[in-house]
Amino acid sequence: MKKPAILAAAFAATLLATPALADDFPSAISVSGEATISAAPDLAQIDAGVANDAKTAKEAADANNAAMGKVLLALKGAGIAEKDYQTSRLSLQPQYGQNKSTGASPVVGFRASNRVTVKIRDVTKVAGIIDTLVGAGANDIGNISFEVTQASKLLDDAREQAVADARRKAEVYARATGVTLGAPLSVSEGGAPMPLFKGRMAAAPMAAGGATVAPGEETLSVTVNVSWAIKTGQ
């Protein structure tokens, strides 16, 4: 009959010990800080190509090779380094007609196409390069994008600003609740920093008077989650 008394005493001791264990866990204020940084892009990328139709595959391929040769020479003449343009797609496909009497689809010719991706390291020259490509015979231009090459440094600046924003918010909560802000306990970045916007070509390159291009700005956003220790009775 002594066992129930022993168990009751042990249970009471556990209850008394619980507050002491809770004291081992520091109180904290957890907040999120945000920051965004915008910068003008310093690199542009253009995807341009030529397409040629002919009766035979050889005729189409020969015509396409000659046309792309003129485009590449034009790029070189415009000061684009060879390392900054690269073939991105090359194709030769049959073209089918329609035989109304039999319903068959005979081959009536071939289309050869060649596309090249061009990097432009001076975005002020984008419109001029587009005009050069069109003048050299490029009849398919698209997928124009802009980017900031020093995004990592900009993101580091944004991270510092985001932490400062988190501290500001934590201090507001600390004052409102009558406590003092202590040292940070943990810092984590909320998700991968991503560009919020990228500039795009504003008008078709075939428009009269040359291409119209709007690089815009790229905005980088960072969110950090910070937990701060708090001190009471200060």
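Residues numbered from 1 in each chain as written. Predicted model: local features only at pLDDT ≥ 70, side-chain atom pairs only at ≥ 80, totals over all residues. Heavy atoms only, no water.

> What's the story with the overall build of the protein in this structure? I'm lost.
When you go through the protein residue by residue, the secondary structure sums to four helices and ten strands. Along the protein, from the amino end to the carboxyl end, the secondary structure elements read α-β-β-α-β-β-α-β-α-β-β-β-β-β. A buried classification covers 31% of the 234 residues belonging to the protein. Roughly 14300 Å² of accessible area belongs to the protein as shown, and the carbon and sulfur atoms make up 56% of that amount. (Helix = DSSP H or I, 4+ residues; strand = E, 2+ residues; numbered from the N terminus. Buried < 20%, exposed > 50% of the residue type's maximum accessible area, 1.4 Å probe, protein only. Areas by Shrake-Rupley, 256 points an atom, 1.4 Å probe, with all protein chains shown as cover.)

> How should I be thinking about the pattern of salt bridges in this particular structure?
For side chains of opposite charge, pairing can occur when their charged atoms come near one another. A complete count under the given rule lists eleven salt bridges for this structure. When the shortest N-O distance is used, the salt bridge between Asp-62 and Lys-58 registers 2.7 Å. You can see Asp-62 and its partner Lys-58 sitting in helix α2 (residues 57-77), four residues apart, about one turn around the helix. Assessed through its relative accessible area of 59%, Lys-58 is described here as exposed. For Asp-157, the salt bridge goes to Lys-153, with nearest N and O atoms at 3.6 Å. A residue pair is termed a helical-turn pair when its members lie 3 or 4 positions apart in one helix, as Asp-157 and Lys-153 do in helix α4 (residues 151-177) at four residues. (Salt bridge = Lys/Arg side-chain N within 4 Å of Asp/Glu carboxyl O.)

> How do you make sense of the side chain of Asn-64 when you look at a structure like this?
Take Asn-64: it is sitting in helix α2. Assessed through its relative accessible area of 2%, Asn-64 is described here as buried. Not counting residues within four places of it along the chain, the set of residues in contact with Asn-64 comprises Val-50, Ala-51, Asn-52, Leu-90, Ala-112, Ser-113 and Asn-114. (Contact = heavy atoms within 4.5 Å.)

> Any chance you could explain the confidence of the model for the protein here in plain terms?
Parts of the model with low pLDDT should not have their predicted coordinates read in detail. Residue-level pLDDT values for the protein average 81, and 78% of them are 70 or greater. Contacts for the low-pLDDT stretch residues 1-22, under 50 throughout, to residues beyond four places or in other chains number zero contacts. pLDDT under 50 marks residues 196-208. Its contacts with residues more than four places away, or in other chains, come to 34 contacts. (pLDDT = per-residue confidence, 0-100.)

> I tried to follow the nonpolar core on my own but got confused; where do I start?
As a rule of thumb, nonpolar side chains are buried together in soluble globular proteins. Ile-46, Val-126, Leu-133 and Ile-141 are the most contacted members of the largest nonpolar core, which totals 24 residues. Elements supplying a minimum of two residues to this core: β2 (43-54), α2, β4 (107-120), α3 (126-135) and β5 (140-147). No other element matches the five residues that α2 contributes to this core. Sequence-distant contacts of Ile-46, defined by excluding residues within four places in its chain, comprise Val-116, Thr-117, Val-118, Ile-120, Val-126, Ile-129, Ile-130, Leu-133, Ile-141, Gly-142, Asn-143 and Ile-144. Counting 21 residues, the second largest nonpolar core, distinct from the first, contains Ala-158, Ala-170, Leu-220 and Val-222. (Core = buried A, V, L, I, M, F, W, Y, C linked by side-chain atoms within 4.5 Å.)

> Can you walk me through the environment of Ile-130 in this structure?
Mapped onto the fold, Ile-130 is located in helix α3. We classify Ile-130 as buried; its relative accessible area is 0%. Ile-130 sits 84 residues away from Ile-46 along the chain, and the two C-alpha atoms are 8.4 Å apart.

> What am I meant to see in the environment of Thr-117 here?
With respect to the helices and strands, the residue Thr-117 is situated in strand β4. Along the sequence, Thr-117 and Gly-49 sit 68 residues apart, while their C-alpha atoms lie 8.6 Å from each other.

> Explanation requested: α2 in the structure shown.
Two residues of an α-helix separated by three or four positions point the same way, owing to the 3.6 residues in each turn. The end-to-end C-alpha distance of α2, which contains 21 residues, comes to 30 Å, matching closely the 30 Å that a straight helix rising 1.5 Å per residue would cover. Buried within α2 we find Ala-60, Asn-64, Ala-67, Met-68, Val-71, Ala-74 and Leu-75. Looking straight down α2, one finds that the buried residues subtend no more than 110° of arc, so they occupy a single side. Along α2, the residues that are exposed and aim more than 90 degrees away from the buried face are Lys-58, Lys-70, Leu-73, Lys-76 and Gly-77. In this structure, the buried residues of α2 make contact with β2, β3 (85-96), β4 and α3. Of the residues one or two after α2, Gly-79 is the one with positive phi, at around 90°. (Expected span 1.5 Å × (residues − 1). Arc of directions from axis to C-beta.)

> Help me out: how do you make sense of the sheet that holds β3 in this one?
Whether parallel or antiparallel, the strands of a sheet pair through hydrogen bonds between backbone atoms. On the basis of which strands lie adjacent, the open sheet formed by four strands has the order β3-β4-β2-β5 and antiparallel pairing. Strand pairing shows two members of the sheet lacking a second neighbour, β3 and β5, which therefore form its edges. Going from strand to strand, the sheet's axes swing by 15° on average, the running direction of each strand aside. Both β2 and β4 contribute to a ladder of eleven bridges, which runs antiparallel. Residue pairing in the sheet places Asp-47 in a bridge with Thr-117 of β4. Strand contacts of α3: β2, β4 and β5, with the helix running at about 10° to β2, the strand carrying the most contacts. (Pairing = 2+ DSSP bridges. Axes fitted to C-alpha atoms, helices over the stretch in contact; angles between N-to-C directions.)

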